[in-house]
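Results of the structural survey
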Amino acid sequence: HEPIEIQVTEEIKQYVLFKDSILLQQLRIFPFVQLFLIIVFIGLSYYAFSTTRRAEQNRVWVGLSKETAHQLGTPIFSLRGWVDLLKTEPNIDQYVVSELEKDVYRLQLIAERFSKVGSLPELKPLNMVEVVSRSVDYMKPRAAKNVDIEIKSSANKIYAPVNETLFSWVLENLLKNSIDAMTSSGKITIFVTKHKDKVFIDVTDTGKGIPKNKHKTIFKPGYSTKARGWGLGLSLAKRIIEEYHNGKIFVKESEPGKGTTIRIVLKAAKNQNNENG
């Protein structure tokens, strides 16, 4: 501080030099320290509350999924028995029986998918070109005739560790959304490429597109543009890719009226020789 001047005599002046005590200096910064600790406490409290709430939601999600799989098991087992019985009947059109068998197998696959939710799935190095092709083959007959679905890849063999049962669920959800985004006709192109240690699966459509401010919102539970939609498809896809496959899924690019590209990023399988065509 400015020194205090003391006039001893007309010719002699003395000065008192001083500064704040250490205690006073500490008291000045104490409110800021206290405010910081309050903010940290509030932040930790919010994090603990959010974590608890998320864990509770996960338990409900997993419990519902496993109960669904369990409830589907009995009628599916019964249907398989009836299909086997119909195969032995000579007067039954075997084409109808074959189609019925496919539907029963589909129900069994759906039940298996639900049973895997909440469990750590087994990942195997699979050729992603073939995995994508199988999902497309299933979706093509169920898409409108004026919607074309095409697969393009940088190589015939591109391997990534995946659980095909769950990963095909993701692809089907993406393809369904792309098909629904087509008003009259359009095209869906799936690009499978590999760069260094990453595998990219890009699903591109020529549909309605997504506004930029909705690029992240579409992956949140409950978001849907359909009147009867539950808004769980993309949320489930995000969970399967990020939590079970340690990958990423996001809107790579989209523009209203021009279409959307959603990208899936996976780690490439190690010790796999990806041979070109």
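Keep in mind that what you see is a predicted model, and the values were worked out from it rather than measured.

**Topic: the packing of helix α2 (residues 94-116) against helix α4 (residues 164-180)**
As a packed pair, α2 and α4 sit with axes 9 Å apart at the nearest point and diverge in direction by 105°. With respect to α4, the element α2 is oriented roughly perpendicular. In contact with R106, L109, E112, R113, F114 and K116 of α2, α4 contributes T165, L166, S168, W169 and E172. In the contact of α2 with α4, the residues fall into four nonpolar, two polar and five charged.

**As for helix α5 (residues 233-244)**
When the terminal C-alpha atoms of α5 are compared, their 16 Å separation across twelve residues agrees well with the 16 Å that a helix rising 1.5 Å per residue should span. Turning to α5, its buried residues number three or more, namely L234, S235, L236, A237, R239, I240, I241 and Y244. Two residues or fewer past α5, N246 is found with a positive phi of approximately 55°.

**Things to note about the nonpolar core**
Counting 44 residues, the largest nonpolar core has M128, F167, I201, I249 and I264 as the members making the most contacts within it. Looking at which element gives the most residues to this core, the answer is α4, with eight residues. Ranked by size, the runner-up nonpolar core spans five residues in total, among them I76, V97, V104 and A111.

**A short note on the pattern of salt bridges**
Applying the stated criterion across every chain, the model contains ten salt bridges. When the shortest N-O distance is used, the salt bridge between R134 and E164 registers 2.6 Å. Of this pair, R134 sits in helix α3 (residues 128-139) while E164 sits in helix α4, placing them 30 residues apart in sequence. Overall, R134 belongs to the partly exposed group, its relative accessible area being 42%. With a relative accessible area of 25%, E164 lands in the partly exposed category. Measuring nitrogen to oxygen at the nearest pair gives 2.8 Å for the salt bridge that ties K187 to E150. Separated by 37 residues along the polypeptide, K187 in strand β6 (residues 186-195) and E150 in strand β4 (residues 147-153) bring together distant segments of the chain.

**With respect to the side chain of E172**
Inspection of the secondary structure assignment puts E172 in helix α4. Apart from residues lying up to four places away in sequence, E172 is in contact with R106, R113, Y138 and M139.

**Focus: α2**
Over its 23 residues, α2 runs 33 Å from end to end, which matches the ideal 33 Å to within 8%, given 1.5 Å per residue. Within α2 the residues assigned to the buried category are V97, V104, R106, L109, A111 and R113. Put simply, D93 is the residue that caps the front of α2, since its side-chain oxygen is 3.0 Å from the backbone nitrogen of Y95.

Each value, and the rule that gives it
Residues numbered from 1 in each chain as written. Predicted model: local features only at pLDDT ≥ 70, side-chain atom pairs only at ≥ 80, totals over all residues. Heavy atoms only, no water. Axes fitted to C-alpha atoms, helices over the stretch in contact; angles between N-to-C directions. Helix = DSSP H or I, 4+ residues; strand = E, 2+ residues; numbered from the N terminus. Parallel < 35°, antiparallel > 145°, perpendicular 65-115°, else oblique. Contact = heavy atoms within 4.5 Å. Nonpolar A, V, L, I, M, F, W, Y, C, P; charged D, E, K, R; others polar. Expected span 1.5 Å × (residues − 1). Buried < 20%, exposed > 50% of the residue type's maximum accessible area, 1.4 Å probe, protein only. Core = buried A, V, L, I, M, F, W, Y, C linked by side-chain atoms within 4.5 Å. Salt bridge = Lys/Arg side-chain N within 4 Å of Asp/Glu carboxyl O. Polar contact = N/O pair within 3.5 Å; in protein donor to acceptor, adjacent residues only side chain to side chain.

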